[in-house]
Amino acid sequence: MSARCQVLGTVPGFGHSISHSHVRTKRRFDPNIQKKRYWVPSLGRNVTLRVSAKGIKTIDRKGIDVVVAQILARGEKA
């Protein structure tokens, strides 16, 4: 499964690890993806989402109904 947030669309970033001798090696910065289950009153069922920690805060701020409506409008499965 990809490390992608369903709410924000956050994807991994890429960069370098730099050692003490300043040798650079490629590395990947993954978002903090969590699997969360929410009750959605408008759908009348539970929805399991793969969201980042920042995506969880967005759901708390906007509300689950609004966020799920945005996900469904994009054509993603929720």
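Everything here concerns the structure above.
Enquirer: Is there a simple way to explain the packing of aromatic side chains in this structure?
Expert: Centre-to-centre distance and the angle between the planes together describe a pair of aromatic rings. All told, the structure shown has 0 aromatic pairs when counted by the stated rule. Sitting above the plane of the F29 ring, R27 keeps its charged end 3.8 Å from the centroid.

Enquirer: Teacher, can you tell me more about unusual backbone geometry here?
Expert: For residues that are not glycine, phi is negative in most cases, and the peptide bond is trans in most cases. Phi angles above zero are rare outside glycine, and H22 is one such case at about 70 degrees. Residue position: H22 is located in the loop between β1 (13-18) and β2 (24-29).

Enquirer: Got a minute to help me understand the pattern of salt bridges in this structure?
Expert: Two side chains that carry opposite charge are able to pair once their charged atoms sit near each other. Under the definition given, this model contains 3 salt bridges. Put simply, E76 and R4 hold a salt bridge, and the shortest N to O gap is 3.6 Å. Taken together, the positions of E76 in the segment after α2 (64-73) and R4 in the segment before β1 put the pair 72 residues apart, joining distant regions of the chain. Notably, a salt bridge pairs R74 with E76, separated by 3.2 Å at the nearest N-O pair.

Enquirer: When you look at a positive patch on the surface in this model, what are you seeing that I'm missing?
Expert: Taken together, the side chains of K54, K57, R61 and K62 make up a positively charged region of the molecular surface. Within the secondary structure layout, K54 lies in helix α1 (residues 53-62).

Enquirer: Any chance you could explain the nonpolar core here in plain terms?
Expert: Nonpolar side chains in soluble globular proteins tend to be buried together. With 14 residues, the main nonpolar core has V7, Y38, L49, V51, I59, I64 and I71 as its most contacted residues. Breaking this core down by element, the ones donating at least two residues are β3 (33-40), β4 (45-52), α1 and α2. Here the element with the most residues in this core is α2; it accounts for 4 residues. If we skip the residues at most four places from it in the chain, L49 touches Q6, Q34, K35, K36, Y38, I59, I64 and I71.

Enquirer: Could you clarify how one ought to interpret α1 in this entry?
Expert: Every α-helix winds through 3.6 residues per turn, so residues three or four apart in the chain are directed the same way. If you check which residues of α1 are buried, you get G55, I56, T58 and I59. Down the axis of α1, the buried set is contained in an arc of 160 degrees. They therefore lie on one face. Exposed positions of α1 whose direction lies more than 90 degrees from the buried face are K54, K57, D60 and R61. Buried residues along α1 sit against β3, β4 and α2.

Thresholds, definitions, all that
Residues numbered from 1 in each chain as written. Predicted model: local features only at pLDDT ≥ 70, side-chain atom pairs only at ≥ 80, totals over all residues. Heavy atoms only, no water. Phe/Tyr/Trp six-rings, centres within 6.5 Å; stacked < 30°, edge-to-face > 60°. Lys NZ or Arg CZ within 6 Å of the ring centre and 35° of its normal. Helix = DSSP H or I, 4+ residues; strand = E, 2+ residues; numbered from the N terminus. Salt bridge = Lys/Arg side-chain N within 4 Å of Asp/Glu carboxyl O. Patch = residues over 30% accessible without salt bridge, like charges linked within 9 Å, V, L, I, M, F, W, Y side chains within 5 Å. Areas by Shrake-Rupley, 256 points an atom, 1.4 Å probe, with all protein chains shown as cover. Lys, Arg positive; Asp, Glu negative; His and termini not counted. Charge placed at Lys NZ, Arg CZ, Asp CG, Glu CD. Core = buried A, V, L, I, M, F, W, Y, C linked by side-chain atoms within 4.5 Å. Buried < 20%, exposed > 50% of the residue type's maximum accessible area, 1.4 Å probe, protein only. Contact = heavy atoms within 4.5 Å. Arc of directions from axis to C-beta.

These figures come from the coordinates and say nothing about function on their own.
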